[in-house]
Amino acid sequence: MILTSEALESLRGQLIVSCQAYPGEPMRDPRTTGQVAASAVIGGAAAVRVQGLSDVQHTRSAVEVPVIGLWKDGHDGVFITPTLRHALAVANAGAHVVAIDGTRRRRPDGLTLAQTVAAIHAESHALVMADCGSFDDAAAAVHAGADLVGTTLSGYTGERPKTSGPDLDLLGRIAAADFGVPLIAEGRIHTPAQARQALDAGAFAVVVGTAITHPATITGWFAEALK
Ligand SMILES: CC(=O)N[C@H](C=O)[C@@H](O)[C@H](O)[C@H](O)COP(=O)(O)O
């Protein structure tokens with residue numbers, strides 16, 4: 001299945017669940033990721049987002065909904081699918097949408113975001129989601145040809161404060177600019193009410209990760225409340 005821009009329309013107003021376990025964690029296993037993703041689909045996820053080439057491959061066979069894939073390499077600076085090589089590998093692993101760093105920072109391979117997006121489009125069928133950290137990132141990413149923009153990196157690049165919940169202010173500002181590509185709310189959406197607020201702020205769809213698929217963090221929230 002190739003996800004066309006038109007088919008993207010099916011994600012409007014929907015929930016996308018990010019299923020990620022981090023290096024060294026007990027759930028860091030591609031089969032587990034696929035199982036968690038399939039469980040999220042049963043609960044109503046219209047698409048899923050997964051990290052790592054094997055996770056993308058396993059999840060593609062575990063679910064029938066669109067898969068947003070990424071490859072995190074490192075923790076600092078540009079680390080979400082940082083280069084064209086990473087992006088094409090994610091596309092080849094079967095991702096319908098490749099999520100890449102969509103900031104204005106220098107990319108490790110020296111390519112511009114526009115060059116990266118153009119090459120992904122030329123060499124694969126995948127759409128490109130630009131993970132942005134600010135309004136200026138989103139504007140530049142749309143200009144560079146991204147098919148979707150996300151607020152994924154708000155609070156992580158130094159351009160925006162790290163709000164405890166979603167960055168609704170940023171969402172509202174990008175939505176008001178009406179860039180003509182789907183705006184994905186992502187990052188620190190921890191409750192159903194916040195997911196609703198993100199849509200109301202103008203998001204096209206909402207990604208929830210930690211609050212649905214990261215049991216260690218969720219358990220910590222409860223344990224903390226009992227102290
Ligand atoms: C900043 C960064 O590395 N974000 C990552 C991007 O894929 C993931 O670690 C997040 O879990 C994902 O964005 C969903 O966000 P949240 O887990 O807050 O619902």
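The shown structure was predicted, so the numbers you read here are calculated from the model rather than taken from an experiment.

(A) Broad picture of the packing of aromatic side chains. Taken as a whole and judged by the stated rule, the model has 1 aromatic pair. When the ring of Phe135 is compared with that of Phe179, the centres are 5.6 Å apart and the planes differ by 45°; the resulting orientation is tilted. Taken together, the residues span a long stretch of sequence, with Phe135 in helix H6 (residues 135-143) and Phe179 in the loop between helix H7 (168-177) and strand S7 (183-186) at a distance of 44 residues. Overall, the relative accessible area of 27% leaves Phe179 in the partly exposed class.

(B) Representation of the confidence of the model for the protein within the structure. This prediction gives the protein a mean pLDDT of 97; 100% of its residues lie at or above 70. Highest mean pLDDT in the protein belongs to strand S8 (residues 205-208) (99); lowest belongs to helix H1 (residues 5-8) (79). Predicted as a complex, the structure gets a pTM of 0.98 and an ipTM equal to 0.99.

(C) Structural context of the sheet that holds strand S5 (residues 127-131). Spatially, the 8 strands close up into a barrel ordered S1-S2-S3-S4-S5-S6-S7-S8, and their pairing is parallel. Neighbour to neighbour, the strand axes of the sheet diverge by 25° on average, direction disregarded. Relative to S8, strand S1 (residues 15-19) runs parallel, the two sharing 3 bridges. Within S8, the residue paired with Leu15 across the bridge is Val206.

(D) Expanded view of the packing of helix H4 (residues 84-92) against helix H5 (residues 113-123). Here H4 crosses H5 at 30°, and the two axes come no closer than 10 Å. Between H4 and H5, the crossing angle belongs to the class labelled roughly parallel. In this structure, the crossing between H4 and H5 has a hand that is right-handed. Of the residues in H5, those touching H4 at Leu84, Ala87 and Leu88 are Thr116, Ala119, Ile120 and Glu123. Among the residues forming the contact of H4 with H5, the class breakdown is 5 nonpolar, 1 polar and 1 charged.

Quick notes on the rules
- Residues numbered from 1 in each chain as written.
- Predicted model: local features only at pLDDT ≥ 70, side-chain atom pairs only at ≥ 80, totals over all residues.
- Heavy atoms only, no water.
- Phe/Tyr/Trp six-rings, centres within 6.5 Å; stacked < 30°, edge-to-face > 60°.
- Helix = DSSP H or I, 4+ residues; strand = E, 2+ residues; numbered from the N terminus.
- Buried < 20%, exposed > 50% of the residue type's maximum accessible area, 1.4 Å probe, protein only.
- pLDDT = per-residue confidence, 0-100.
- Pairing = 2+ DSSP bridges.
- Axes fitted to C-alpha atoms, helices over the stretch in contact; angles between N-to-C directions.
- Parallel < 35°, antiparallel > 145°, perpendicular 65-115°, else oblique.
- Left-handed = near helix turned anticlockwise from the far one by under 90°.
- Contact = heavy atoms within 4.5 Å.
- Nonpolar A, V, L, I, M, F, W, Y, C, P; charged D, E, K, R; others polar.

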